[in-house]
Amino acid sequence: AVGTLVPTTVRYCTSASLVYRTCFRSVSFDELYYGQFVSLYVKRLFFIDDSGPPLGHMVLALGAYLGGFDGNFVWNRIGAEYSSNVPVFSLRAIPALAGAFCVPLGYQVMVELGCSHLTALGAALLLLLENALITQSRFMLLESSLIFFLLLAVVSYLRFRNNSGVSCWGWLVLSGVSCACAVGVKYMGLFTHLLLLSLAAVHTWRLIGDRTLGNMTVAVQVFARCLALVVLPVLLYLAFFFIHLNLLYRSGPHDQMMSSAFQASLEGGLSRITQGQPLEVAYGSQVTLRSVSSQPVPCWLHSHKANYPIRYENGRGSSHQQQVTCYPFKDVNNWWIVKDPGRQDLAVSSPPRTVKHGDIVQLLHGMTSRFLNTHDVAAPMSPHSQEVSGYIDFNVSMPAQNLWKVDIVNRESDRAVWKTIVSEVRLVHVNTSAVLKLSGQSLPEWGFRQLEVVGDKLSKGYQPSGLWNVEEHRYGRSQEQKERELELHSPTHIDVSHNLTFMAKFLELQLKMLTMRNEETEHKYSSSPLEWVTMDTNIVYWIHPSSNAQIHLIGNAVTWTLSNLGLVLFAVLFVWHLLRHQRRSLDVSKDAWRQFAEAGAVCGGGWLVNYLPFFMMEKTLFLYHYLPALTFKILLLPVVLEHLHTHILRSPSQRRVLEGTVLAALAAVYLCYRALSPVTYGQPELNSTQLASLRWRESWDILLRRH
């Protein structure tokens with residue numbers, strides 16, 4: 001999309017060839033990933049994506065909405081041809097526009113940093129001819145939108161700082177809005193936001209030291225900056241989630257990762273099951289108990305007609321009593337009856353006697369009539385914890401220990417009533433003070449690979465693995481086992497609403513997104529941050545099913561090399577100026593030094609904050625993660641060249657040599673762009689020999705089809 005501004009590429013954009021049509025209407029690389037979320041937005045189905053906040057997905061979904069997409073497409077294969085109901089142009093239009101606007105924004109960044117218009121034009125040309133940015137902005141992906149908002153935030157703040165008057169405050173507000181949008185697209189936007197906050201802090205500190213300004217003026221200036229750059233982005237971030245949660249009001253594929261209360265707030269799914277449940281748990285209630293922790297998977301307290309083995313593989317003995325586990329699927333064996341230890345009744349009385357915080361209860365397994373029990377026997381997989389069992393009396397001097405105290409953690413008072421879905425309960429064993437807890441360990445084959453439940457004496461503080469909430473609930477009416485089994489299979493009743501506030505849903509969803517850990521996997525095109533700087537890797541985005549036509553994420557090798565040299569040269573010059581300044585040898589004026597340092601803070605700092613964090617991330621990484629950092633590094637190169645030309649090189653002959661070198665470098669950038677265009681746009685189709693000639697590095701994966 002960035003490259004479509006180059007006149008010489010018009011023939012690629014207007015070509016009516018079969019190759020182009022196939023490429024344009026085929027799923028490419030991560031479109032497979034983002035397309036699924038777009039379909040879920042269109043259908044209003046709830047989902048979780050731990051890769052970032054929802055704004056980026058909503059922007060893509062906006063394109064789908066404007067194009068009239070109905071969400072009906074199976075996103076299951078890269079290269080699959082889009083059906084006629086998928087508005088491909090509309091889906092890709094917003095990322096393309098964002099990528100195109102990055103070019104004038106890069107130009108404006110240079111101007112606001114005090115560079116000449118000629119230097120700004122050079123920076124814009126480098127962005128315009130960067131093959132990786134072109135490729136990324138041509139598809140339904142997020143990086144072009146992220147870069148757009150990052151550059152807009154920087155331009156807006158610099159415009160605010162460089163201007164005065166009422167209009168400049170609009171630029172400050174726009175900077176805050178852009179920062180919020182960048183963070184809303186991907187979490188990486190936060191680091192550029194922090195960079196701008198650091199620059200704003202330095203400028204504000206200078207403002208405070210200006211004795212020509214009155215105290216009230218300074219206070220207003222500081223307050224306005226905090227409001228625009230801190231408060232406004234936070235409010236907008238919340239607004240993104242508010243829109244997200246209001247759009248996705250139906251039960252979706254990721255419901256079970258959320259709490260029971262969250263699930264019950266969605267239309268369909270759990271809300272259909274729990275609609276009409278009694279709110280207050282009473283003696284005689286039939287309940288399913290869900291672990292508040294969703295790690296490693298959501299599961300329910302469970303038992304079945306199978307006992308612990310007499311001896312485990314390591315030789316340790318067990319009680320040989322009935323197994324109690326946590327089962328990750330809904331099942332009739334997940335039902336338990338809350339019993340009053342002082343009575344034999346297993347049905348709810350009229351009126352119901354509610355269970356309150358601090359009450360002592362017994363939990364009877366509905367289908368096997370075994371009481372939930374724990375004792376001083378080591379758990380099978382966690383020997384430092386107690387075994388939890390369904391008690392069986394084998395007459396071996398092992399009495400029942402089946403009394404549990406109800407500890408409502410999120411209670412509002414000391415006599416709070418145990419409530420369906422909303423109450424988070426810790427079940428504390430009366431005899432041993434152990435807490436009923438999900439250990440997270442999987443049992444062996446004899447335990448059907450279900451999750452281990454233990455009694456933990458060391459459990460203290462708020463631990464989700466030791467908390468449970470009632471998810472499904474009915475008032476029991478039957479005393480006889482046969483009648484009770486039939487009752488356990490019947491639907492629940494009585495109308496009760498379980499509504500969560502927006503902030504409760506936001507906090508739960510945000511915590512889940514930040515703590516959710518997808519298993520790190522090796523991908524054919526995954527790479528490490530060290531490989532990005534020298535572009536030792538590439539990504540195949542699309543391959544024609546029957547020809548050599550293909551699209552790769554490969555950057556302009558000349559631009560990447562020059563930007564690396566520019567970064568090194570900036571560091572050398574910066575250290576050199578610092579040393580000369582320390583020696584009181586002022587080679588450049590104070591204004592020139594400040595301009596150079598500030599440009600380095602914006603462009604060099606932008607590269608650092610968008611690159612270094614990836615070294616600390618435990619996730620599968622790809623070359624496209626480097627594109628925001630690359631953009632700032634490219635902008636640093638013209639800054640260094642202008643500084644050399646204006647302040648370092650003294651003689652006209654030296655400057656002419658530099659000017660000639662720059663022109664030669666720009667020509668090389670253009671020639672490299674032209675050479676890589678076939679794998680940037682997917683056309684024209686090259687033969688195997690021509691493709692092989694583009695493999696400039698052994699590590700590049702250029703696919704050749706032999707005819």
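The shown structure was predicted, so the numbers you read here are calculated from the model rather than taken from an experiment. (Residues numbered from 1 in each chain as written. Predicted model: local features only at pLDDT ≥ 70, side-chain atom pairs only at ≥ 80, totals over all residues. Heavy atoms only, no water.)

Attention now goes to the overall build of the chain. For the chain, the count of helices and strands is 21 helices and 14 strands. In the chain, 75% of the contacts between residues at least 6 apart in sequence involve partners at least 24 apart. Total accessible area on the chain is roughly 31,100 Å²; 60% of this is exposed by carbon and sulfur atoms. (Helix = DSSP H or I, 4+ residues; strand = E, 2+ residues; numbered from the N terminus. Contact = heavy atoms within 4.5 Å. Areas by Shrake-Rupley, 256 points an atom, 1.4 Å probe, with all protein chains shown as cover.)

This next bit is on the pairing of strand β13 (residues 539-543). Residues in a regular strand project their side chains so that they alternate between the two faces of the sheet. In terms of burial, β13 is largely enclosed, as 4 of its 5 residues are buried. Judged from the 4 bridges that link them, β13 and strand β14 (residues 550-553) form a sheet pairing that is antiparallel. In the strand pairing of β14, Trp542 is matched with Ile551. Hairpin connection from β13 to β14: 6 residues lie between these consecutive antiparallel strands. (Buried < 20%, exposed > 50% of the residue type's maximum accessible area, 1.4 Å probe, protein only. Pairing = 2+ DSSP bridges.)

Below, the discussion takes up a nonpolar patch on the surface. A surface patch of nonpolar side chains, amounting to about 540 Å² of accessible area, comprises Phe223, Leu227, Val230, Val231, Val234 and Leu235. Within the fold, Leu227 resides in helix α11 (residues 215-247). (Patch = residues over 30% accessible without salt bridge, like charges linked within 9 Å, V, L, I, M, F, W, Y side chains within 5 Å. Salt bridge = Lys/Arg side-chain N within 4 Å of Asp/Glu carboxyl O.)

Turning our eyes to something else, we now look at the UniProt feature "domain: MIR" (unreviewed entry) in the chain. Feature annotation in UniProt places "domain: MIR" (unreviewed entry) on residues 278-341, 352-409 and 413-473, given in this structure's numbering. For residues 352-409, helix accounts for 0% and strand for 40%, while the C-alpha atoms at its two ends are 23 Å apart. Between the C-alpha atoms that bound residues 413-473 the distance is 23 Å, and the span itself is 0% helix and 41% strand. (UniProt positions renumbered as here; feature names shortened; annotations may be inferred.)

This part takes up empty space enclosed by the protein. By rolling a water-sized probe across the atoms, one finds the places where empty space is left. Per the counting criterion, the structure on display carries 2 cavities of 30 Å³ or more. For the largest cavity, the calculated volume is near 80 Å³. Together, 10 residues line the largest cavity, and Gly99, Cys102, Leu133, Ser144 and Ile147 are the ones closest to its centre. Elements that contribute at least two residues to the lining of the largest cavity include exactly α5 (88-112), α7 (131-137), α8 (143-162) and α19 (627-648). The biggest single contributor to the lining of the largest cavity is α7, with 3 residues. Of the residues that constitute the lining of the largest cavity, the class distribution is 5 nonpolar, 5 polar and no charged. Along the walls of the second largest cavity sit Phe47, Ile48, Asp49, Gly52, Pro53, Pro54, His57, Phe241, His244 and Met513, which together make up its complete lining. (1 Å grid on protein atoms, 1.4 Å probe; cavity = no way out; pocket = protein on both sides within 12 Å on 5 of 7 lines; lining within 4 Å. Points joined across faces, edges and corners; volume = space filled by probe spheres on them. Nonpolar A, V, L, I, M, F, W, Y, C, P; charged D, E, K, R; others polar.)

Axis separation between helix α10 (residues 189-208) and helix α18 (residues 590-611) bottoms out at 8 Å; the angle between their running directions is 155°. Judged by the inter-axis angle, α10 sits roughly antiparallel to α18. Both α10 and α18 take part in a crossing whose hand is right-handed. Residue-level contacts link Phe191, Thr192, Leu195, Leu199, His203 and Arg206 of α10 to Arg594, Glu598, Ala601, Val602, Gly605, Gly606, Val609 and Asn610 of α18. In terms of residue class, the contact of α10 with α18 is made up of 6 nonpolar, 5 polar and 3 charged. (Axes fitted to C-alpha atoms, helices over the stretch in contact; angles between N-to-C directions. Parallel < 35°, antiparallel > 145°, perpendicular 65-115°, else oblique. Left-handed = near helix turned anticlockwise from the far one by under 90°.)

Of all 6 residues in strand β3 (residues 322-327), 5 are buried, a share of seventy percent or more. Bridge analysis of strand β2 (residues 300-307) against β3 gives 5 bridges, and the strand direction is antiparallel. Pairing of Ser303 across the sheet is with Val324, part of β3. Note that β3 and strand β7 (residues 386-390) share 2 bridges and pair antiparallel. In the sheet register, Gln323 faces β7, and the bridge partner there is Ser389. Where β3 meets strand β11 (residues 451-456), 2 bridges bridge the pair, whose relative direction is antiparallel. Across the sheet, residue Cys326 finds its bridge partner in β11, namely Leu451.

The tally for this structure, following the rule as stated, stands at 1 disulfide. Two residues, Cys299 and Cys326, share a disulfide whose sulfurs are 2.2 Å apart. Every disulfide takes its handedness from the sign of the S-S torsion; for Cys299 and Cys326 that torsion is 90°, giving right-handed. Separated by 27 residues along the polypeptide, Cys299 in the loop between β1 (285-291) and β2 and Cys326 in strand β3 bring together distant segments of the chain. Assessed through its relative accessible area of 0%, Cys299 is described here as buried. Residue class for Cys326 comes out buried when judged on its relative accessible area of 0%. In this model Cys102 remains outside any disulfide bridge; the closest cysteine sulfur is found in Cys181, 14 Å from its own. (Disulfide = S-S within 2.5 Å.)

A few words now on the UniProt feature "transmembrane region" (unreviewed entry) in the chain. Here, UniProt's "transmembrane region" (unreviewed entry) annotation points to residues 55-75, 87-110, 141-160, 172-202, 222-249, 557-579, 599-617 and 623-645. Secondary structure across residues 55-75 comprises 57% helix and 0% strand; the distance between its end C-alpha atoms is 21 Å.

One finds Phe46, Met110, Ile539 and Tyr541 to be the most contacted residues of the largest nonpolar core, which totals 135 residues. For this core, the element with the highest residue contribution is α8, accounting for 13 residues. Leave out the neighbours within four places in its chain, and Phe46 touches Leu245, Leu248, Arg250, Ser251, Gly252, Pro253, His254, Asp255, Met258, Phe262, Leu266 and Leu509. Val281, Cys326, Trp336 and Leu438 belong to the second-largest nonpolar core, a separate cluster that totals 27 residues. (Core = buried A, V, L, I, M, F, W, Y, C linked by side-chain atoms within 4.5 Å.)

Another aspect to go through is helix α6 (residues 117-128). For α6, which comprises 12 residues, the first-to-last C-alpha distance of 16 Å matches the rise-based estimate of 16 Å (1.5 Å per residue) to within 8%. Elements that come into contact with the buried residues of α6 comprise α5, α7, α17 (557-582), α19 and α20 (652-681). (Expected span 1.5 Å × (residues − 1).)

For Ser137, the position within the fold is in helix α7. Among the residues examined, Ser137 registers a relative accessible area of 0% and is labelled buried. The spacing of Ser137 and Ala93 is 44 residues in sequence and 9.0 Å in space, taken between C-alpha atoms. A polar side-chain atom of Ser137 sits 3.0 Å from the main-chain carbonyl oxygen of Leu133. Side-chain polar atoms of Ser137 contact the backbone oxygen of Ile134, separated by 3.0 Å. (Polar contact = N/O pair within 3.5 Å; in protein donor to acceptor, adjacent residues only side chain to side chain.)

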